[in-house]
Amino acid sequence: MNTSGEAGEQMVRMSLNGVEVEAKITGAGAKHLAVLLCAI
């Protein structure tokens, strides 16, 4: 069993999940900003 390969895969998976969450948060923030600007 190659534990270093598994650890590498897990790190890549975790960083991709982090990027996905960050993109969702950024998208939600941009949507709220657009609504705020339209309201003004």
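In the block above lies the structure referred to throughout.
Each value, and the rule that gives it
Residues numbered from 1 in each chain as written. Predicted model: local features only at pLDDT ≥ 70, side-chain atom pairs only at ≥ 80, totals over all residues. Heavy atoms only, no water. Patch = residues over 30% accessible without salt bridge, like charges linked within 9 Å, V, L, I, M, F, W, Y side chains within 5 Å. Areas by Shrake-Rupley, 256 points an atom, 1.4 Å probe, with all protein chains shown as cover. Salt bridge = Lys/Arg side-chain N within 4 Å of Asp/Glu carboxyl O. Helix = DSSP H or I, 4+ residues; strand = E, 2+ residues; numbered from the N terminus. Buried < 20%, exposed > 50% of the residue type's maximum accessible area, 1.4 Å probe, protein only.

(A) Structural view of a nonpolar patch on the surface. A cluster of nonpolar side chains, contributed by Leu33, Leu36, Leu37 and Ile40, occupies part of the molecular surface with about 460 Å² of accessible area. Relative to the helices and strands, Leu37 resides in helix H1 (residues 3-39). Of the residues examined, Leu37 reaches a relative accessible area of 56% and is grouped as exposed.

(B) How the structure looks around the pattern of salt bridges. Enumeration according to the criterion identifies 2 salt bridges in this entry. We note a salt bridge from Glu9 to Arg13, for which the minimum N-O separation is 3.6 Å. Taken together, the residues span about one helical turn, with Glu9 and Arg13 both in helix H1 at a distance of 4 residues. For Glu9, a relative accessible area of 51% translates into the label exposed. By relative accessible area, Arg13 is classed as partly exposed at 48%.

None of this, on its own, says anything about what the molecule does.
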